[in-house]
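# Residue-level structural notes
Okay, here's what each chain looks like letter by letter:
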Amino acid sequence: MAKPAQGAKYRGSIHDFPGFDPNQDAEALYTAMKGFGSDKEAILDIITSRSNRQRQEICQSYKSLYGKDLIADLKYELTGKFERLIVGLMRPPAYCDAKEIKDAISGIGTDEKCLIEILASRTNEQMHQLVAAYKDAYERDLEADIIGDTSGHFQKMLVVLLQGTREEDDVVSEDLVQQDVQDLYEAGELKWGTDEAQFIYILGNRSKQHLRLVFDEYLKTTGKPIEASIRGELSGDFEKLMLAVVKCIRSTPEYFAERLFKAMKGLGTRDNTLIRIMVSRSELDMLDIREIFRTKYEKSLYSMIKNDTSGEYKKSLLKLCGGDDDAAGQFFPEAAQVAYQMWELSAVARVELKGTVRPANDFNPDADAKALRKAMKGLGTDEDTIIDIITHRSNAQRQQIRQTFKSHFGRDLMSDLKSEISGDLARLILGLMMPPAHYDAKQLKKAMEGAGTDEKALIEILATRTNAEIRAINEAYKEDYHKSLEDALSSDTSGHFRRILISLATGNREEGGENLDQAREDAQVAAEILEIADTPSGDKTSLETRFMTILCTRSYPHLRRVFQEFIKMTNYDVEHTIKKEMSGDVRDAFVAIVQSVKNKPLFFADKLYKSMKGAGTDEKTLTRIMVSRSEIDLLNIRREFIEKYDKSLHQAIEVNDGSTSERRSIPYGSGSLASPV
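Residues numbered from 1 in each chain as written. Predicted model: local features only at pLDDT ≥ 70, side-chain atom pairs only at ≥ 80, totals over all residues. Heavy atoms only, no water.

Put simply, the second largest pocket is a space of about 1100 Å³. Along the walls of the second largest pocket sit 34 residues, with E258, K262, K265, Y645 and D646 positioned nearest its centre. Elements with a contribution of two residues or more to the lining of the second largest pocket: α7 (112–121), α15 (236–264), α16 (271–281), α17 (286–297), α35 (584–612) and α37 (634–645). Its residues assigned to classes, the lining of the second largest pocket shows 10 nonpolar, three polar and 21 charged. Domain assignment of the residues forming the lining of the second largest pocket places at least three in each of domain 2 (91–165) and domain 5 (600–656). (1 Å grid on protein atoms, 1.4 Å probe; cavity = no way out; pocket = protein on both sides within 12 Å on 5 of 7 lines; lining within 4 Å. Points joined across faces, edges and corners; volume = space filled by probe spheres on them. Helix = DSSP H or I, 4+ residues; strand = E, 2+ residues; numbered from the N terminus. Nonpolar A, V, L, I, M, F, W, Y, C, P; charged D, E, K, R; others polar. Domains from an automatic or database assignment.)

Here a ring pair, both rings aromatic, is described through the centre-centre distance and the interplanar angle of the planes. Per the stated rule, a full pass over the model turns up 16 aromatic pairs. Note on F641 and Y645: the rings are 5.2 Å apart at their centroids and 55° apart in plane angle, and the pair reads as tilted. Of this pair, F641 and Y645 both sit in helix α37, four residues apart, roughly one helical turn. Relative accessible area serves as the criterion here: at 0%, F641 is assigned to the buried category. Put simply, the rings of Y30, Y62 and Y66 pair up and form one aromatic cluster. (Phe/Tyr/Trp six-rings, centres within 6.5 Å; stacked < 30°, edge-to-face > 60°. Buried < 20%, exposed > 50% of the residue type's maximum accessible area, 1.4 Å probe, protein only.)

Bringing the nonpolar core into the picture now. In terms of nonpolar packing, the biggest core is built from 93 residues, with L74, L119, L203, M278 and L301 touching the most fellow members. With 15 residues, the top contributor of residues to this core is α15. Counting the residues that make up this core, at least three belong to each of domain 1 (22–71) and domain 2 (91–165). Non-local contacts of L203, meaning those with residues more than four positions away in its chain, are made with M157, R166, L211, F215, I230, M242, V245 and V246. (Core = buried A, V, L, I, M, F, W, Y, C linked by side-chain atoms within 4.5 Å. Contact = heavy atoms within 4.5 Å.)

Two side chains carrying opposite charge are able to pair once their charged atoms lie near each other. Summed over all chains, the structure comprises 44 salt bridges. K315 is paired through a salt bridge with E41; the nearest N and O atoms lie 2.3 Å apart. Here the residue K315 occupies a position in helix α19 (residues 311–321), and E41 occupies one in helix α2 (residues 40–47), the gap between them amounting to 274 residues. In this structure, the salt-bridge partner of R55 is E283, at a minimum N-O distance of 4.0 Å. Separated by 228 residues along the polypeptide, R55 in helix α3 (residues 52–66) and E283 in the loop between α16 and α17 bring together distant segments of the chain. Note on accessibility: R55 and E283 belong to one class, buried. Via salt bridges that share partners, R84, E100, E117, R259 and R276 belong to a single interconnected network. (Salt bridge = Lys/Arg side-chain N within 4 Å of Asp/Glu carboxyl O.)

Further remarks concern a positive patch on the surface. Taken together, K113, K240, K265, R270, K299, K456, K610, K613 and K647 make up a surface patch of like positive charges. Structurally, R270 is set in the loop between α15 and α16. Exposure remark for R270: the relative accessible area of 46% places this residue in the partly exposed category. (Patch = residues over 30% accessible without salt bridge, like charges linked within 9 Å, V, L, I, M, F, W, Y side chains within 5 Å. Areas by Shrake-Rupley, 256 points an atom, 1.4 Å probe, with all protein chains shown as cover. Lys, Arg positive; Asp, Glu negative; His and termini not counted. Charge placed at Lys NZ, Arg CZ, Asp CG, Glu CD.)

Moving on: α35. The end-to-end C-alpha distance of α35, which contains 29 residues, comes to just 22 Å, noticeably less than the 42 Å that a straight helix rising 1.5 Å per residue would cover. At N599, α35 shows its largest bend, some 125°, and a proline, P601, comes one to four positions later. Positive backbone phi, approximately 80°, marks G614, located one or two places after α35. (Expected span 1.5 Å × (residues − 1). Bend = angle between axes of the 7 residues up to and from the residue.)

Segments scoring low in pLDDT should not have their predicted coordinates read at a detailed level. Confidence in the prediction of the protein, expressed as mean pLDDT, is 89, and 90% of residues score 70 or more. Scored below 50 in pLDDT, residues 670–677 makes 22 contacts in the model with residues more than four places away or belonging to other chains. (pLDDT = per-residue confidence, 0-100.)

Residue position: R294 is located in helix α17. Taking the C-alpha atoms as reference points, R294 and D324, separated by 30 residues in sequence, lie 9.8 Å from one another. Here E291 takes part through its side chain, which lies 3.2 Å from a polar atom of the side chain of R294. At 3.1 Å, the side chain of R294 forms a polar contact with the side chain of H576. (Polar contact = N/O pair within 3.5 Å; in protein donor to acceptor, adjacent residues only side chain to side chain.)

Following this line, the structure appears as C-alpha cells:
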C-alpha cells in the first residue's frame, strides 16, 4: 500500500485487508477460474478488497501453488472493461503506468491525453519508478520512445517532467518568486511571440509550494490567472499539458475529480480514463477526489459511476470508490474533515473583491453627453459609441452624464436610449444607467409583477446583498413604486418562504465576528431541524423559526463557524444536508445563503454558468448579474468561473449569445481587464 507522507493522513479508499492470507486468496481465485466459466463475483470481491502490496503477494502464492501466472489466467478468463480493470489492479502502480504509456504511444496515432494525465500528475519518486518499470517490462528507454512519438514544445515539456527532478524544498525565496513572475510575464504577455522555454523551465522544475506563490503573485501583478496567459500564449497539446501541470500544482485531487467527471458526462463513457484514474488513485487520494467531486459537481462520484456503468465492471469501480457521499450516514469522517477545512479556509481568506468596471480616467461628462446625443441623432443609431461610453464609465460617472445630458439638451437620456435601442441590448444598457439600488429594486418589482413570481431572482438579490445595499434597495423601492418592499413581498409570496425573504429584506444581519459558544448552539439547532441530531429537543415550529433567524441574521464570520461546528457535530456538510432534507423555494433560499457565506463570487459564477447552459440563454439572469456585480466582484466571479468550468466567462458568453452588439456591451472591464480570461 502506498504510504502517506510523514504526518499526513492516509487518503486512499483501499486499505490492507485484515487477517490477510495470500495462500487462501490464491486458492479462492484458482477455484473461481476452474472449470467452465468463472466466478466473477469472487474475483472482484477478493481483488478490490486487497491493497496492491497484498495483490503482489497473491501473485507470488498463486505461482508457487499452481505454477501459473495469475495475470495471464485472469486475462484468459475475463473480457472487456472488467478484464482491463482487474488486470490493472493486479500490476504494481509503476508497471500499470508503464503499460498505459506503452499503449498510448503504440500503433497509429498517440493518446496525448493519457500522456498528459500521467506525466503531469506524478511525483518525482513515482516518475523514477515509472521509468524503471518501463525499462524492465519492455526493455526500452521511455524517454527515447516519447521523443520518437511526439514533437515540438510538447515533447520538450514531457521530457522535462520525465526526469522527475522537480524541486521539493518547501522553503520559498520571495525574491525568486518575484523573478519567476516577471520572467513568465515577459516570456508571454509582454513579448511579441512567446518564449516557451521559460514556461517549460519554470513550470517543469520549480517546487509546488513555490509555484503556488508564483501563481498568486502573477495574478496580483497582471490582473489575470496564469491559466489565462497559457491559453492566450500557447496552443494545441502543449497548451493542454501546461494547463494540466498548473492544475496539478494547485490541487492534484481536483484535477482528477475533473477528469473523472468529463470521462462520464454526456453520451458514452471514456472507460480507459475512468479505469486508469480509479486504479491509480485508489491508494493515494481517492477520499479527497470524492469530496472535491461532490462539492464541485453537486453529486457523488459513487452515484455517477453507478448510473454510468453496469455489471461486474460497475461493482468493481464502486468498491474502489469506497462509499457513496450522497447516501445517508455515508458522509464519512475523513471527507467531513476536508469540508471542515474548506470552511476554515473560507473563514480566514481575505480576498480582495474587484469589479471589472472602474472610473474612466480624464472623465468628461460634457463630452460624453454630446457624443451620446450625436450617436442617437438622425437616422439610425451608433450602437458602438453608446456601448463604448456606457460600459467604460463607473455608475457614478453615468449619473453625471445623465445630469449633464439633461442640462445640455433638456432631454432625459434614459428615455432617448429606450427609443433608440431594443431587446436584450436595451435591457443591459438601461440597467447600467440606473443607480445600483434602483436597478435591484426594479429587478425585484419585475420578479413579482404579472402572472407568477420569479422566486430565483428574489432569492439571488435578497440572499447576497449587504445590509447597506438592502437598506438602499428599500429606499429606492419606496421612492420608485410608492410601496414598501416588505408589503410587496408579503402580498406576492407565502409561508416560510415569505418569512425568509422579509427577514432578509430588513437588512439587519449582524456585522460582528464569531461567538464560539453561540455557534455551537446554532449548529445544534441546525442539526435538529435537519433531523440528524442524536437528541432532538423542542417543538418543530420553534426550531424552524430559530433556524431561519440564524441563517438570515447572523454575521458571515459567525455562520462560517456555525457550519464548521455542524460538520464537527454531525459529519455532514450543511449545504448538502439542506439539499437532501428540504424542498422547494425554502431549500433554494437557504442554499443560496450558505453558498453566499462560503464564496459569493462562486455562487454568481454558478448562476452565470446555469444561465447559459443547454438550449437557449437565460438573458435576464445573465444581464442582472453582469450589471449588478460589474463594480463589485465581477473579476472574482470570472476567476471562479474559469477555475470551475475550465473556460472563461468571456468564451461562454460569446458561444451562447448570438448578438454582436450585446456581447460587446457586456461589462468585462476596461484596459487589460477586457482581455478574455
